[in-house]
Structures are given as structure tokens and as C-alpha cells.
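Here is how the chains run, residue by residue.
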Amino acid sequence: MASTPPAATAAPAVKRDRTHYLYIAVIAAVVLGIAVGLLAPDVAIEFKPLGTGFVNLIKMMISPIIFCTIVLGIGSVRKAAKVGAVGGIALGYFLVMSLVALAIGLVVGNVLHPGDGLHLTDAIKQTGQAQVSSDALPPVDFVLSIIPTTFVSAFTEGQVLQTLLVALLAGFALQAMGSAGAPVLRGIEHIQRLVFRVLAMVMWAAPVGAFGAIAAVVGSAGLDALKSLAVLMLGFYVTCVLFLFVVLGTLLRVVAGVNVLALFKYLGREFLLILSTSSSESALPRLIAKMEHLGVSKPVVGITVPTGYSFNLDGTMIYMTMASLYIADALGTPMSVGEQIPLLLFLLVASKGAAGVSGAGLATLAGGLQSHKPALVDGVGLIVGIDRFMSEARALTNFGGNAVATVLVGTWTKEIDKERVQEVLSGRLPFDETTLLDEHAPADPSGQGGEKELAHA
């Protein structure tokens, strides 16, 4: 009888129930937001600050979470060369998959020809020109922008890659300090617990943010835009689904032996959060926490996830190529394959220069066309009305691609606990929604487990 109360552990069950109700509330908020957007579009647009405010709350947590994750991961690893190998493998994979996604977008665009028969007005032309953003940097300036003005400004300016650079330098410095750096690592570990606890508190505002974001999107676009561009939207959605489940799903099964459906089910709440906010950044901190809980080591998660958010934008790649062909067809100037390939390669580079730009998909498309094929910029106005709806599919695809990439890189570098992966995906080792951390995990792949792996490297 004495062993019954500990076995029951009622408290964790209550915690899981509370977060379960939270995401039911998010779904209800999304439905309510769509209804308000359709029935009272002018009123719905006024709710946009609610969605913006919630996304900003999440964004303020990104820099400290990335910093703590990377510093703890690298600082506890003996060999710096292994960290470099993880980064090299991740960047190589991102480049290949970006090309694959761009190519798939071109193939689908050439098959559907969704822009045939449309006409441009002067108002649409002006709207398209307005989308050209000066924030998208050329490659050299983009590389220089990764270096922060000061050590601290990387955290205050909200630039993911700047935070990544500072965290890498701090992690390698603590690694070189050896036992002298142990107190610093312990301090950062406590800071990480604090930051994740704050994030768990912020998540309770998700229903309000979801309502505001969805209501504003539906209210600003309306049914007319959806009907006129339904072919492009549906074609893009189907392409993203096939890319995630066929291309990435097959790769994940062959390389890691993991079922993509099980992985995406495990990340279901993050997908719901992205769907309701149209921002993949809103789920970045939770992706880091969940990938570590899944069994991928801290160095792999800390390097692959933040870097992937800037360099592994599979959904954005598909979007840019399909949208470019759509615009070319709508303007009556369809591009030949000889013109499409250079555009594909140009957009591959241009997309990296727009990392971190708000509304990066549309801004990058307009900026890329302005530099490579200026005559097509006028046509960008054709898709402004539905861009927010397509941005959700872009964000979901980008997020799914980075989750798969983290598991793949962990497998290739032997920095993943495969037994733990099966335990987690089967539901036998649930994720702690209260702290977002494994406070009492029996085996932390970033600590002793990571050391064992690196000792064999």
C-alpha cells in the first residue's frame, strides 16, 4: 500500500491536463478568429495587435534560449572538432535540401501553370513594387551582419545568427577553460531553467494571440482573394505536404529509422501554434526543448535548429519558385527552363540574405525578382492578398524540415539516443509541459552520454 501513492503521481497528470486544455482553447480561438474574420472583417483586422504581441513575447525568449542551449552543449564537450563537424554536416544538408525544394517548386509550377489568364491593373503593379524590401541584404553584407555591434547587442537586437555566433564563442571559451568554467556552466544551466519556465508561462497567452492573428488574416484577405488564387494556394499546400511526408519522410525512415508521422504527432502542439500565429519562430524555443527531450544531444540541437531557421527554409524555397512561375505566367511572359534554372540558383542565395526579415517570403521574392528579373516585380501584387495564408504553409514546412534535419544530423553524427527516441515517440516518456526541461532525466544526451559519444570520435 505504501508504494501506491508514488506510483500514482497525480500531480504530473494534472499538469498535463492543464496544458491539454490550453491547446483546446487555442483550437477554439482559431475557429472563433476565422468566424469573426469572415463575418466582420473590418473589426477582425483591429485584433491584429493581439497576434503580434504574442509572437513578440515568444521572440523575446529566443535569444536567451539559444545562448543557454549552445553554451551548455559545447561547454560540456571535450573535442571542439566534433562541434565543427556537426555544423558542416548541417550546412551541407541545408544546401542540398534547399535545392531539392526549389526544384520541386519549379516542377509543380510548370505542371499547374496557375497564373494563366490573369490580368494586371495599375493598383496591383504599385502593390507589387511596394513589397521590395531594403532589409534583404546581399550575400557579403549578410555575412558581416552576423557580427554583432557589441557582445550584448546580439541579445537586444533579436538576430538569431548573431546570438548563435556569440554562443559559439562563449561555448568554446568555456570548453577551453576546463574545470574552471564549471561554475559558469552551472549558472547558465540555472538561467536556462528560468527562461524555459518563463516561456511556459507565456504560452498561456497562446489562445489570445491565436485569435488575434487568425482574425486579422481572414479579415484582411477575404473570400474573393481566396477564390481567385485557389489553384496556386492548393497547389502550394499539396506540394508542401508531399515534400514533408514523401521526400523528408522517406529520408527520415531510411537514415534514422523514424516514422515521420510519429515525429510530427510528437510536435503536434508546435504545429498548431505555428498554424495559429503564421510564424515558425513562435515554436523555435519549444522545438529546441522537444528535440533535446527526444534524445538528440545539446550540441546538435543548439547548432542545427537556430542555423536551420535561417538556412533551411524548405517551405520558402517551394513558395518562391512556384510564385515566380505564377507571376511570369500571369504577366504573359512565361519563362523557359533556361531562364528558370538561373532564377532558382539566384533565389537560393537571395533567401539566405533575407534571414530574419519580417515577412521574409514575400520580401525575398520581390527583392530577388527586382535583382534578377525586374519586369516580374509588378506581378508580386497578385499574391499579396493570399500571402498570409501561404505563409502558414511556408512556416509549417520550414518547421517540419528543421525538425527532420535535427534528427538526421543527430543520426549522422551519432549524437542521438535511439532507444530514447522510441520511448518518447511511443508516449512512454512524455514531455514536461510545465518546465519544458527534463529536470530528472536519467540520461542526458548532452552530458555524460554526449561525452561518451565524443570520446569515440
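Residues numbered from 1 in each chain as written. Predicted model: local features only at pLDDT ≥ 70, side-chain atom pairs only at ≥ 80, totals over all residues. Heavy atoms only, no water.

## What to know about the overall build of the protein
- Summing up its helical and strand segments, the protein has 22 helices and zero strands in all.
- Within the protein, residue pairs in contact and separated by at least 24 positions form 85% of the contacts whose partners lie at least 6 positions apart.
- Summed over all atoms, the accessible surface of the protein reaches about 19,500 Å², with 67% contributed by carbon and sulfur. (Helix = DSSP H or I, 4+ residues; strand = E, 2+ residues; numbered from the N terminus. Contact = heavy atoms within 4.5 Å. Areas by Shrake-Rupley, 256 points an atom, 1.4 Å probe, with all protein chains shown as cover.)

## A short note on the packing of aromatic side chains
- Throughout the structure, instances matching the rule amount to nine aromatic pairs.
- Taking 6.5 Å as the distance between ring centres and 45° as the angle between the ring planes, the aromatic pair formed by phenylalanine 236 and tyrosine 237 counts as tilted.
- On the basis of relative accessibility, which here comes to 0%, the residue phenylalanine 236 falls in the buried class.
- Classification of tyrosine 237 by relative accessible area gives partly exposed; the value is 27%.
- The ring of tyrosine 266 carries the charged tip of lysine 290 above its face, separated from the ring centre by 4.8 Å.
- Note that arginine 394 overlies the ring of tyrosine 319, its terminal NZ or CZ placed 4.1 Å from the centroid. (Phe/Tyr/Trp six-rings, centres within 6.5 Å; stacked < 30°, edge-to-face > 60°. Buried < 20%, exposed > 50% of the residue type's maximum accessible area, 1.4 Å probe, protein only. Lys NZ or Arg CZ within 6 Å of the ring centre and 35° of its normal.)

## Thoughts on the packing of helix H4 (residues 48-75) against helix H15 (residues 284-294)
- H15 packs onto H4 with a crossing angle of 35° between their chain directions and a minimal axis gap of 8 Å. For the pair formed by H4 and H15, the contact residues are Ile58, Ile62, Ile65, Ile66 and Thr69 on the first element and Leu284, Pro285, Ile288 and Glu292 on the second. (Axes fitted to C-alpha atoms, helices over the stretch in contact; angles between N-to-C directions.)

## Regarding the pattern of salt bridges
- Following the criterion strictly, the structure yields five salt bridges and no others.
- The partner of glutamate 423 in a salt bridge is arginine 428, and the shortest N-O contact between them spans 3.0 Å.
- Through salt bridges with shared partners, a single network forms among Glu270, Arg286 and Lys290. (Salt bridge = Lys/Arg side-chain N within 4 Å of Asp/Glu carboxyl O.)

## Points about a nonpolar patch on the surface
- On the surface, Val238, Val241, Leu242, Phe245, Val246 and Leu261 cluster together into a nonpolar patch covering about 530 Å² of accessible area.
- It is helix H12 (residues 230-256) that contributes the most residues to the nonpolar patch, five residues altogether.
- For phenylalanine 245, the location among the structural elements is in helix H12. (Patch = residues over 30% accessible without salt bridge, like charges linked within 9 Å, V, L, I, M, F, W, Y side chains within 5 Å.)

## Regarding H15
- Within H15, eleven of the eleven residues are buried, which leaves the element mostly enclosed by the surrounding structure.
- Trailing H15 by a residue or two, glycine 295 shows a phi angle of about 125°, which is positive.

## A closer look at the environment of glutamate 281
- By the secondary structure assignment, glutamate 281 is in the loop between helix H14 (268-277) and H15.
- On the basis of relative accessibility, which here comes to 22%, the residue glutamate 281 falls in the partly exposed class.
- Separated by 25 residues in the primary sequence, glutamate 281 and proline 306 place their C-alpha atoms 9.9 Å from one another.
- When sequence neighbours within four positions are dropped, the list of residues in contact with glutamate 281 reads Ile58, Lys59, Ile62 and Tyr309.

## Describing the environment of proline 207
- Take proline 207: it is sitting in helix H11 (residues 206-228).
- Under the relative-accessibility criterion, proline 207 is labelled buried at 16%.
- Taking the C-alpha atoms as reference, proline 207 lies 9.9 Å from leucine 50; in sequence the two are 157 residues apart.
- Residues within four places of proline 207 in sequence aside, it is in contact with Leu22, Ala25, Val26 and Ala29.

## Focus on the confidence of the model for the protein
- Taken residue by residue, the protein gives an average pLDDT of 77. The fraction at 70 or more is 77%.
- Summarising per-element confidence for the protein, the mean pLDDT is lowest in helix H22 (residues 448-456) (40) and highest in helix H13 (residues 260-266) (94).
- Note that residues 1-17 has pLDDT below 50 and, in this model, three contacts with residues that lie over four places away or in other chains.
- Counting interchain partners and residues more than four positions distant, the pLDDT-below-50 stretch residues 354-358 has nine contacts. (pLDDT = per-residue confidence, 0-100.)

## A word on the packing of H4 against helix H16 (residues 298-311)
- Close contact between H4 and H16 brings their axes to 7 Å; oriented N to C, the two are set at 140°. Our classification of the angle between H4 and H16 gives oblique. H4 and H16 meet at a crossing whose hand is left-handed. Taking contact as the criterion, the partners of Ile66, Thr69, Ile70, Leu72, Gly73 and Ile74 in H4 are, on H16, Lys298, Pro299, Gly302 and Pro306.
- In the contact of H4 with H16, the residues fall into six nonpolar, three polar and one charged. (Parallel < 35°, antiparallel > 145°, perpendicular 65-115°, else oblique. Left-handed = near helix turned anticlockwise from the far one by under 90°. Nonpolar A, V, L, I, M, F, W, Y, C, P; charged D, E, K, R; others polar.)

## Side note on the side chain of threonine 413
- Relative to the elements of secondary structure, threonine 413 occurs in the loop between helix H20 (387-412) and helix H21 (418-425).
- For threonine 413, a relative accessible area of 3% puts it in the buried group.
- At 2.7 Å, the side chain of threonine 413 and the backbone oxygen of valine 409 are in polar contact.
- Here threonine 413 is in contact with Lys82, Val86, Ile89 and Val300, once residues within four sequence places are set aside. (Polar contact = N/O pair within 3.5 Å; in protein donor to acceptor, adjacent residues only side chain to side chain.)

## Description of the environment of leucine 347
- With respect to the secondary-structure elements, leucine 347 resides in helix H18 (residues 337-353).
- Exposure remark for leucine 347: the relative accessible area of 0% places this residue in the buried category.
- Residues leucine 347 and threonine 316, 31 residues apart in the sequence, show an inter-C-alpha distance of 10.0 Å.

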